[in-house]
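Summary of the model geometry
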Amino acid sequence: MFNQAQKIRDKYLREEMWPSIFCTGCGVGNVLNYALRAIDEIGLDIDKVVFCSGIGCSSRLPGYIDADGLHTTHGRALAFATGVKLASPDLTVIVFTGDGDMAGIGGNHFIHAARRNADITVICVNNYTYGMTGGQVSPTTPGGSKTATTPYGNAEQPFDLCRLAIGAGAPFVSRWTVGYPYETVSAMRAAIETKGFGFVELLVPCPTGYGKENRLKDAKASWEWYRENTISRADLRALSPEERARNEKVVVGTLWQEDRPEMTCRYQEVVDEVS
Ligand SMILES: Cc1ncc(C[n+]2csc(CCOP(=O)(O)OP(=O)(O)O)c2C)c(N)n1
């Protein structure tokens, strides 16, 4: 395990960027670890990978990777990523984004990128809050949760990002928490290997921005909450119909997989037809 961690560090990280900006107990570093392991397992040439991100703690991830990256404007990572893919279809394009970045200010880009189905991988770090700016309510904050801007509890209903992605046309959709390392690495691999819009939502603790308002003040309590409040698809299937109907836990697993025509190929077909 140590050798593997050392290998990932030496091969992919920009050590001059350390220490990271992440707080104690934050799960964003784990997301980076899992993504790099997925890339390593596939055997991608890192010089042929472009990382795109918007603005937020999670969007800082490309800066730690010794590879080409676009740290863009808030909510616009998917527009940049689509442009990179259209201009250079041979590159692997991976987006790191947050729930605020992708589903708040970037919500419209999200649904249209899924609809267009360009061959990009989107890793959305859902920490239920705007972490970087101090823990405000986000489009995924659970109902009733306290945040800096909902001190009496969030009265709104959150987005289910995976259902949104499926509805908009994404051909690969998976959700995990950072407490499932092997499953997350596999899901990231599958998303990268999908010829089209591969979406992985990761539920990630933010003890500083979200946890402190919601009685998950330390890292341990935050991490345990994610384990206790999620259930895998396999475990859900094993329940009786009555238990399944009563389930209130967040379901994790690969939620959707289908083949759909990919955007850059469709464009190439149009070009070939008219030229
Ligand atoms: C146009 C614009 N509006 C607002 C901001 C302020 N801002 C910076 S990060 C951020 C929220 C990021 O939240 P999220 O994407 O969930 O990332 P996290 O920090 O939680 O990882 C906001 C609102 C900005 N930088 N640009």
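Our structure's up above, just so we're on the same page.
On a predicted model such as this, the values are computed, not experimentally measured, just so you know.

Overview of empty space enclosed by the protein
With the rule as written, the count across this model stands at one cavity of 30 Å³ or more. Space inside the largest cavity adds up to approximately 40 Å³. Together, Gly 75, Arg 76, Ala 77, Leu 78, Val 95, Thr 97, Asp 101, Met 102, Gly 106 and His 109 line the largest cavity. When residues of the lining of the largest cavity are traced back to their parent elements, those giving at least two are helix H3 (77–87), strand S3 (92–98) and helix H4 (99–105). Among the residues forming the lining of the largest cavity, the class breakdown is four nonpolar, four polar and two charged.

Topic: the sheet that holds strand S5 (residues 172–177)
Here we have eight strands laid out as an open sheet, ordered S2-S1-S3-S4-S6-S5-S8-S7, and mixed in their pairing. The open sheet has two edge strands with one neighbour each: strand S2 (68–71) and strand S7 (230–232). Across this sheet, the average inter-strand angle for adjacent strands is 20°, counted without regard to direction.

Details of the nonpolar core
Core analysis: the biggest nonpolar cluster contains 37 residues, and Val 31 and Phe 51 have the highest contact counts within it. Within the residue set of this core, elements represented by two or more residues are helix H1 (2–12), helix H2 (28–42), strand S1 (49–53), S3, strand S4 (120–126), S5, helix H7 (181–193) and strand S6 (198–203). Element by element, the count of residues in this core is highest for H2, at eight residues. Sequence-distant contacts of Phe 51, that is, excluding residues within four places in its chain, are made with Ile 39, Ile 46, Pro 62, Ile 65, Ala 67, Asp 68, Gly 69, Leu 70, Ile 94 and Phe 96.

Here's the deal with the pairing of S3
Within S3, seven of the seven residues are buried, which leaves the element mostly enclosed by the surrounding structure. Burial along S3 is two-sided: the residues Thr 92, Ile 94, Phe 96 and Gly 98 and Val 93, Val 95 and Thr 97 are all buried. Looking at chain direction, S1 and S3 are connected through five bridges and run parallel. Counterpart to Cys 52 in the pairing with S3 is Val 95. Two strands pair when backbone bridges link them, and S3 and S4 are joined in this way by six bridges, in the parallel orientation. Within the sheet, the bridge partner assigned to Phe 96 lies in S4 and is Ile 123.

The rules we used
Every residue gets a number counted from 1 within its own chain, in the order that chain's sequence is written. Where local features are concerned, this predicted model is filtered to residues with pLDDT of at least 70; where side-chain atom pairs are given and counted, the filter is 80 or more; whole-chain, interface and lining totals use all residues. Remark: hydrogens and water are excluded; side-chain values derive from all non-hydrogen atoms of the structure. Lining residues are defined by having an atom within 4 Å of a point belonging to a cavity or pocket. Those points lie on a 1 Å grid over the protein atoms alone, cavities being sets where a 1.4 Å probe fits but cannot get out and pockets being open sets with protein on both sides within 12 Å along at least five of seven lines. Grid points are joined across faces, edges and corners, and a volume is the space filled by probe spheres set on the points. For the purposes of this entry, the term helix denotes a DSSP run of H or I that reaches at least four residues, the term strand denotes a run of E that reaches at least two, and both are numbered from the N terminus. Basically, the charged four are Asp, Glu, Lys and Arg, the nonpolar ten are Ala, Val, Leu, Ile, Met, Phe, Trp, Tyr, Cys and Pro, and anything else, Gly included, counts as polar. Two strands are counted as paired when DSSP detects at least two bridges linking them. Axis definition: a line fitted to C-alpha atoms, limited for helices to the stretch in contact. Angles are taken between N-to-C directions and run from 0 to 180 degrees. Residues belong to a common nonpolar core when they are buried Ala, Val, Leu, Ile, Met, Phe, Trp, Tyr or Cys residues joined through side-chain atoms within 4.5 Å. The buried label applies to any residue whose accessible area, calculated with a 1.4 Å probe on protein chains only, is under 20% of its type's maximum; exposed applies above 50%, and partly exposed to all values in between. Should any heavy atoms of two residues lie within 4.5 Å, those residues are counted as being in contact.

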